[in-house]
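Observations on the three-dimensional arrangement
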Amino acid sequence: DAGVTQSPTHLIKTRGQQVTLRCSPKSGHDTVSWYQQALGQGPQFIFQYYEEEERQRGNFPDRFSGHQFPNYSSELNVNALLLGDSALYLCASSLPWGNSPLHFGNGTRLTVT
Amino acid sequence: AQSVTQLDSQVPVFEEAPVELRCNYSSSVSVYLFWYVQYPNQGLQLLLKYLSGSTLVKGINGFEAEFNKSQTSFHLRKPSVHISDTAEYFCAVSNTGFQKLVFGTGTRLLVSP
């Protein structure tokens, strides 16, 4: 049973560029959340997708956008990259109710130069 | 708004000794509480969760935590640690209606022989 898979594992981009990160949820899960983890910090909630719609959003600018596909996979897009966007981006999948625990992937390490 | 405080950024301990990692939270509503572990270059793995019921929660790898509502704490304990327990540990809180997790800044557990 495959868990949450994310691609790519590492990515290097230049300031001002755009990036797309991908996530496939754990089998049986239909809800996908994205988190940003800066070096030495705890993860911070970006947004959550359910039924192909953004259900809730954290305190991130509009440069961060997402999408969920009918097969429940998801993309995170970041436009106009800043040096401060360098971080580990974690995808988590779950069932849609509050007591369903999140299962995390291994993340995508984004470096902006 | 919710917040989580992990007072200890690093906890050194000898193998086979007991350990306690402290977590305090702040919330004006009912909460769910979680402990996650992160090994180097990996995502987060759920250790245990408190949703309701018994305040003593047992998790994987011999870890347990106790929910104390009056002290707004959820400390993690293990009676005897192993070298393989060396990792970063994150405490997280969410309200009971939604899955947005608010994480602490993490505690690095360093187990030495």
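Notes on the structure in this doc start here. (Residues numbered from 1 in each chain as written. Chains lettered and ligands numbered in written order. Predicted model: local features only at pLDDT ≥ 70, side-chain atom pairs only at ≥ 80, totals over all residues. Heavy atoms only, no water.)

**Observations concerning the side chain of Gln36 of chain A**
Residues and elements named next belong to chain A. Residue position: Gln36 is located in strand β4 (residues 31-37). A polar atom in the side chain of Gln36 sits 2.9 Å from the side chain of Tyr89. Beyond its immediate stretch of four places on either side in the chain, Gln36 contacts Gly42, Pro43, Gln44, Ile46, Phe60, Phe64, Gly84, Asp85, Ala87, Leu88 and Tyr89. (Helix = DSSP H or I, 4+ residues; strand = E, 2+ residues; numbered from the N terminus. Polar contact = N/O pair within 3.5 Å; in protein donor to acceptor, adjacent residues only side chain to side chain. Contact = heavy atoms within 4.5 Å.)

**So, the interface of chain A and chain B**
Accessible area lost during the coming together of the parts is what is often quoted as the interface size. Taken together, the contact pairs 25 residues of chain A with 18 residues of chain B. Buried surface at the junction of chain A and chain B, summed over both partners, amounts to about 1,700 Å²; 57% is from carbon and sulfur atoms. On the chain A side of the interface with chain B, the three residues burying the most area are Gly98, Asn99 and Phe104 of chain A, jointly 26% of the side's total. Inspection of the region where chain A meets chain B yields zero salt bridges. (Buried area = accessible area lost by both parts, 1.4 Å probe. Salt bridge = Lys/Arg side-chain N within 4 Å of Asp/Glu carboxyl O.)

**Topic: the pairing of strand β9 (residues 87-94) of chain A**
Residues and elements named next belong to chain A. For β9, a buried count of eight out of eight residues is recorded, marking the element as mostly surrounded by other parts of the structure. Residues of β9 alternate between two faces, with Ala87, Tyr89, Cys91 and Ser93 on one and Leu88, Leu90, Ala92 and Ser94 on the opposite face, all of them buried. Where β4 meets β9, seven bridges bridge the pair, whose relative direction is antiparallel. Pairing of Trp34 across the sheet is with Cys91, part of β9. Sheet analysis places β9 next to strand β11 (residues 108-112), joined by three bridges and oriented antiparallel. Paired with Leu88 across the strands is Arg109, a residue of β11. In the sheet, β9 pairs with strand β10 (residues 103-104) via two bridges, with the strands oriented antiparallel. (Buried < 20%, exposed > 50% of the residue type's maximum accessible area, 1.4 Å probe, protein only. Pairing = 2+ DSSP bridges.)

**Focus on the layout of surface pockets**
Its boundaries defined by the atoms lining it, the largest pocket holds a volume of some 580 Å³. Elements with a contribution of two residues or more to the lining of the largest pocket: β1 (5-7) of chain A together with β10 (87-95) of chain B. By residue number, the principal contributor to the lining of the largest pocket is β10 of chain B, which donates three residues. Per-class residue counts for the lining of the largest pocket are seven nonpolar, 16 polar and three charged. What the second largest pocket holds in volume is close to 470 Å³. As for the second largest pocket, its lining consists of 24 residues, of which Phe45 of chain A together with Gln2, Lys100, Leu101 and Val102 of chain B are closest to the centre. Mapped onto the lining of the second largest pocket, the elements with two or more residues apiece are β5 (44-50) of chain A together with β10 and β11 (102-103) of chain B. For the lining of the second largest pocket, the per-class residue count stands at ten nonpolar, 13 polar and one charged. (1 Å grid on protein atoms, 1.4 Å probe; cavity = no way out; pocket = protein on both sides within 12 Å on 5 of 7 lines; lining within 4 Å. Points joined across faces, edges and corners; volume = space filled by probe spheres on them. Nonpolar A, V, L, I, M, F, W, Y, C, P; charged D, E, K, R; others polar.)

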